[in-house]
Amino acid sequence: MNNSDENLSYCNFAKTLLMLCVVLCHSVAFYGGNWFTALEPVQSNRFLGLLSSWLGTFHVQAFTLISGYIFYYLKKESGKYSDCKAFIINKVRRLLIPYVAISIIWIIPIGYLYYRYTFNDIIQYFILGQSPAQLWFLLMLFNVFVISYFLLDNNIAWQWGGVAGIGFLCMLSPLISTFFPNYFQVLTSMKFLLFFYAGCMIRRHCSEITPKSMLRMGCVFLLFNLLLFILRERLNWSVFPLLRIIKYFLSCLCELSGAVMAFFLLSYFASIVRWKNALFESLSKASFPIYMFHQQIIYFLLWHFSVFCTPVIMSVICFCCSVLISWAIGTMMNKSKLTRIIIGGR
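A brief report on the enclosed structure follows. (Residues numbered from 1 in each chain as written. Predicted model: local features only at pLDDT ≥ 70, side-chain atom pairs only at ≥ 80, totals over all residues. Heavy atoms only, no water.)

1. Examining the packing of helix α4 (residues 84–115) against helix α12 (residues 287–305)
Between two packed helices, the angle of one axis relative to the other and the distance separating the axes together describe the packing. Selection rule: Axis definition: a line fitted to C-alpha atoms, limited for helices to the stretch in contact. Angles are taken between N-to-C directions and run from 0 to 180 degrees. A run of DSSP states H or I qualifies as a helix once it reaches four residues; a run of E qualifies as a strand once it reaches two. Both are numbered from the N-terminal end. Note that the term roughly parallel is reserved for angles under 35 degrees, roughly antiparallel for angles over 145, roughly perpendicular for angles of 65 to 115, and oblique for everything else. Contacts between residues were defined by any pair of non-hydrogen atoms, one from each residue, lying within 4.5 Å. Three categories are distinguished: nonpolar for Ala, Val, Leu, Ile, Met, Phe, Trp, Tyr, Cys and Pro, charged for Asp, Glu, Lys and Arg, and polar for the others, with Gly belonging to the last.
In the contact formed by α4 and α12, the axes pass within 11 Å of each other and the chain directions differ by 0 degrees. Here α12 runs roughly parallel to α4, going by the angle between their axes. Across the interface between the two elements, Arg94, Leu95, Pro98, Ile102, Trp106, Ile107, Ile110, Tyr114 and Tyr115 of α4 pack against Phe288, Met292, Phe293, Gln296, Ile297, Tyr299, Phe300 and Trp303 of α12. Each residue belonging to the contact of α4 with α12 can be placed in one class, and the counts come to 15 nonpolar, one polar and one charged.

Structure (structure tokens):
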């Protein structure tokens, strides 16, 4: 197996660990404030808040980047996405059907217990897709796939004009958001197209990169990510509107460097760790259901037990229990064809 094929195989390892990073981020986010606002934390924790913010600079961004990496291989190198209709139907089955099904059977009923959704809330948050809890990611990814299918067929997408255009769309999204709601996560998709495109470019230009080079590149981008993260967190950006624009620009660079960092470092670890075993395969198969089910389990745990535990202990409980329970749910649902359809399986 050459480096190109090996690097592709590492994506499964990276995507699985990134989903666990999402769960970890949500397990500690409550103690940083502004997450699960139906409940006030008994005590906050600055370290856990910073950890949540830092994880938020790369977890879903890197997953989107890897999706672009694989997309480029399948479309440009393997020619598997030649039929536009079949491609869109596949993404509807993989992303939109789970969006609708999990919203109805899981997120809306449980969310109602804590947030008391009104009928208008359900329309705005879920039917119009403005704030569908963790399922925003499914809508965004569907949009990005469809946009990329047509956009990346144009040769200019691979020239400097294409790079500038993708960057411009990313920077334009907050401006548009002041005039238009984020229906169906379209504005979020404009930003995340940048990470997807970065994955395509890495596959196009760095498919043969060696593990040692991955480690070096990962460390360089980790340094950039940390420096930009510290700068973003430490400075007061709310004084002037221009500073808020600069903060958004730096945040995009921070997240882009974080996504690239996570891709290279996790790919490097995949090259040195013996991860191909039955336990990891089971976890990998359940990683998407873990993403879709974990958040409401954390809500339940925080609601009933956070007053009895310190922030660190509660965060550990939230992470372990939400992973294990959602892993069990995903494993059970993968055994039936009907339930596999609900979670986007084949």
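After presenting the structure, the write-up continues.
2. Focus: the environment of Leu96
Note the threshold: Summary of the burial criterion: residues with accessible area below 20% of their type's maximum are buried, those above 50% are exposed, and those between are partly exposed, where the area comes from a 1.4 Å probe applied to protein chains only.
Residue position: Leu96 is located in helix α4. The class for Leu96 is partly exposed, based on a relative accessible area of 22%. Residue contacts for Leu96: discarding those within four places in its chain leaves Lys91, Leu139 and Phe142.

3. A short note on the packing of α4 against helix α6 (residues 136–151)
The geometry of α4 relative to α6 is characterised by a closest axis approach of 9 Å and an angle of 170 degrees between their N-to-C directions. When the axis of α4 is compared with that of α6, the two are roughly antiparallel. For the pair α4 and α6, the contacting residues are Cys84, Phe87, Ile88, Lys91, Val92, Leu95, Leu96, Pro98 and Tyr99 in the first and Leu138, Leu139, Leu141, Phe142, Phe145, Tyr149 and Phe150 in the second. Here the residues of the contact of α4 with α6 sort into 15 nonpolar, no polar and one charged.

4. Focus on the packing of aromatic side chains
Our working rule: Two aromatic rings, drawn from Phe, Tyr or Trp (for Trp, its six-membered ring), form a pair once their centres lie within 6.5 Å of each other, and the interplanar angle then sorts them: stacked below 30 degrees, edge-to-face above 60, tilted otherwise. In this scheme, Lys NZ or Arg CZ marks a charge over a ring once it lies within 6 Å of the ring centre and within 35 degrees of the ring normal.
Applying the stated criterion to the full structure yields 36 aromatic pairs. Aromatic side chains Phe36 and Tyr115 sit 6.1 Å apart centroid to centroid with 80 degrees between the ring planes, which places their arrangement in the edge-to-face category. Separated by 79 residues along the polypeptide, Phe36 in the loop between α1 (3–29) and α2 (46–55) and Tyr115 in helix α4 bring together distant segments of the chain. Of the aromatic side chains, those joined through ring pairs into one cluster are Phe30, Tyr31, Trp35, Phe36, Tyr114, Tyr115, Tyr117, Tyr125, Phe126, Tyr299 and Trp303. Positioned above the aromatic ring of Tyr149, the side-chain terminus of Lys75 is 4.4 Å from the ring centre. Sitting above the plane of the Phe145 ring, Lys91 keeps its charged end 4.1 Å from the centroid.

5. Details of unusual backbone geometry
A negative phi angle is the norm for most residues apart from glycine, just as the trans form is the norm for most peptide bonds. Positive phi outside glycine occurs at Asn34, with the angle close to 65 degrees. Tracing the backbone shows Asn34 in the loop between α1 and α2. Even without a glycine there, the phi angle at Gln185 is positive, about 60 degrees.

6. Observations concerning the state of the cysteines
The cut-off we apply is this: When two cysteine sulfur atoms are found within 2.5 Å, that pair is recorded as a disulfide.
This structure, assessed with the given rule, holds zero disulfides. We note that Cys25 lacks a disulfide partner, and the nearest cysteine sulfur, in Cys21, lies 9.0 Å from it. Under the relative-accessibility criterion, Cys25 is labelled buried at 7%.

7. A look at the environment of Leu39
Here Leu39 is to be found in the loop between α1 and α2. Expressed as a C-alpha distance, the spacing of Leu39 and Tyr115, which sit 76 residues apart in the sequence, is 9.7 Å.

Geometric descriptors of this kind do not, in isolation, establish any biological role.
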